[in-house]
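Listed below are the residues making up each chain.
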There are 2 protein chains.
Amino acid sequence: MQDRSADLRELLESYMRENSLKKTRQRDVIFDTFVSLEGHTTIDGLLARVKLVNASVGYATVYRALKLFVGAGVARVQRFGDGQALYEAAELDEHHDHLICNQCGRIFEFEDDVIEERQETVARALGLRLTHHRMTLWGECMDKAECQKHVGS
Amino acid sequence: MQDRSADLRELLESYMRENSLKKTRQRDVIFDTFVSLEGHTTIDGLLARVKLVNASVGYATVYRALKLFVGAGVARVQRFGDGQALYEAAELDEHHDHLICNQCGRIFEFEDDVIEERQETVARALGLRLTHHRMTLWGECMDKAECQKHVGS
DNA sequence: GTGGATGCAAAGACTTTGCAGCTTC
DNA sequence: GAAGCTGCAAAGTCTTTGCATCCAC
């Protein structure tokens, strides 16, 4: 984890250098907070955490920082359904997809080489070279008791 | 195609009967227009087509009709990126996913049994029974000339 | 110093809803 | 008739931006 966040920081900094963007106190806090979070976060959620460290940071700054992170390849956005976009730290080499329980809303992550490979094949058959993909599965926990525990969390 | 739209209509009507919803001129036009469209449409796009038949139909009515269609299982929504939601007629038995060209924006549809099966397996391994999924691939047309023709269309 | 960054508040882009009047069943 | 619709316009949600001020380089 230490390595991963260091790699992400390196990636971000080189991107910022290339584009002559500036390192600021706010961006530091936002970055640190962002990578320290597991899984997905909304802008609001991230802002709340950031404000614990620096209460004067505004929504727009977080918004713009996240946009920067996405541009730098440090973060990824998703819109699973309605409502706010969800951001998560990028994976530098591997990649994962999501499986969401309709009832409890838990988001499981997984990766599957068979599917990845097959996607390449399919794309090529249609005449495209694949750049990236998004796959989300929805289902219902088979362990109802466990599921119930997580409802609304 | 004739069969398909008849099936969708049947599905919608039985849903409406069960929920004691009413058949109206507007809903008829919206439904007919919707199923006659190939691929994806936005609410605005659909409304424009609907207005050709009945100019007095309002945005809200189309919006509510589409919501109804989705509830009835006749339509599906997607949000590929930013902007408006895209609606498409549901497939009654088979299912397809999307492959989008980053440059020209064309949306290709495909289905792949190997992937579908594998998804079931993955979900089960994580303790969930799969209900549905969304998969979108992005890539670049290998035929650049052809791609160029479709840019911005 | 200068160009980029920040915070605020305001504007956008879409989606959703309240309501009075109009239609179906 | 009563329960549902429709259209309009207004209100929400979230996202994005204009601008004066501030700060990193």
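Because the structure is a prediction, the values reported are computed rather than measured.

Let's shift gears to the nonpolar core. A:Leu99 and B:Leu99 are the most contacted members of the largest nonpolar core, which totals 28 residues. When contributions to this core are tallied by element, the ones reaching two or more residues are strand E3 (97–101), strand E4 (107–110), helix H5 (113–125) and strand E5 (128–141) of chain A together with strand E3 (97–101), strand E4 (107–110), helix H5 (113–125) and strand E5 (128–141) of chain B. Sequence-distant contacts of A:Leu99, defined by excluding residues within four places in its chain, comprise A:Arg106, A:Ile107, A:Phe108, A:Phe110, A:Leu137, A:Trp138, A:Gly139, B:Ala123, B:Leu126, B:Leu128 and B:Leu130.

Of note, the phi angle at A:Ser20 is positive, near 40 degrees, even though the residue is not glycine. In this fold, A:Ser20 is placed in the loop between helix H1 (2–18) and helix H2 (25–36).

The subject of this paragraph is the relation of the copies chain B and chain A. Two copies of the chain are present, and they differ by a rotation about an axis and a shift along that axis. For the match of chain B to chain A, the screw axis carries a shift of 0.0 Å, the RMSD comes to 0.1 Å, and the turn is 180 degrees. On this basis, the relationship between the two copies can be described by a two-fold rotation axis. Taking C-alpha positions as reference, the residue of chain B nearest the rotation axis is B:Met135, located at 2.1 Å.

Taken together, 23 residues lie near DNA strand D, and A:Tyr63, B:Lys22, B:Thr24, B:Arg27 and B:Thr61 sit nearest. Atoms of DNA strand D within 4 Å of the protein: sugar and phosphate make up 73%, bases the balance. Within the side chain of B:Gln26, one N or O atom sits 2.9 Å away from a sugar or linking oxygen of DNA strand D. Elements that contribute at least two residues to the surface near DNA strand D include exactly helix H4 (59–72) of chain A together with helix H2 (25–36) and helix H4 (59–72) of chain B. Here the element with the most residues in the surface near DNA strand D is H4(A); it accounts for 5 residues. Along the lines of polarity and charge, the residues of the surface near DNA strand D split into 7 nonpolar, 7 polar and 9 charged.

Time to look at the domain arrangement of chain A. Residue and element names in this part refer to chain A. Along its sequence, chain A is organised into domain 1 (2–89) and domain 2 (97–150). For domain 1 and domain 2, the distance between their C-alpha centres works out to 24 Å. Contacts between the two partners involve 8 residues from domain 1, matched on the other side by 8 residues from domain 2. A combined buried area of about 590 Å² lies between domain 1 and domain 2, and 50% of that area is made up of carbon and sulfur atoms. Inspection of the domain 1/domain 2 interface yields 0 salt bridges. At the boundary of domain 1 and domain 2, one finds 3 residue pairs in polar contact (both at pLDDT 80 or more). Taken together, the elements giving at least two residues each to the side of domain 1 that touches domain 2 come down to strand E1 (75–78) and strand E2 (86–89). For the side of domain 1 that touches domain 2, the leading source of residues is E1, giving 3 residues.

About the criteria used
Residues numbered from 1 in each chain as written. Chains lettered and ligands numbered in written order. Predicted model: local features only at pLDDT ≥ 70, side-chain atom pairs only at ≥ 80, totals over all residues. Heavy atoms only, no water. Core = buried A, V, L, I, M, F, W, Y, C linked by side-chain atoms within 4.5 Å. Buried < 20%, exposed > 50% of the residue type's maximum accessible area, 1.4 Å probe, protein only. Helix = DSSP H or I, 4+ residues; strand = E, 2+ residues; numbered from the N terminus. Contact = heavy atoms within 4.5 Å. Least-squares fit on C-alpha atoms with pLDDT ≥ 70 in both. Near = heavy atom within 4 Å. Polar contact = N/O pair within 3.5 Å; in protein donor to acceptor, adjacent residues only side chain to side chain. Nonpolar A, V, L, I, M, F, W, Y, C, P; charged D, E, K, R; others polar. Domains from an automatic or database assignment. Buried area = accessible area lost by both parts, 1.4 Å probe. Salt bridge = Lys/Arg side-chain N within 4 Å of Asp/Glu carboxyl O.

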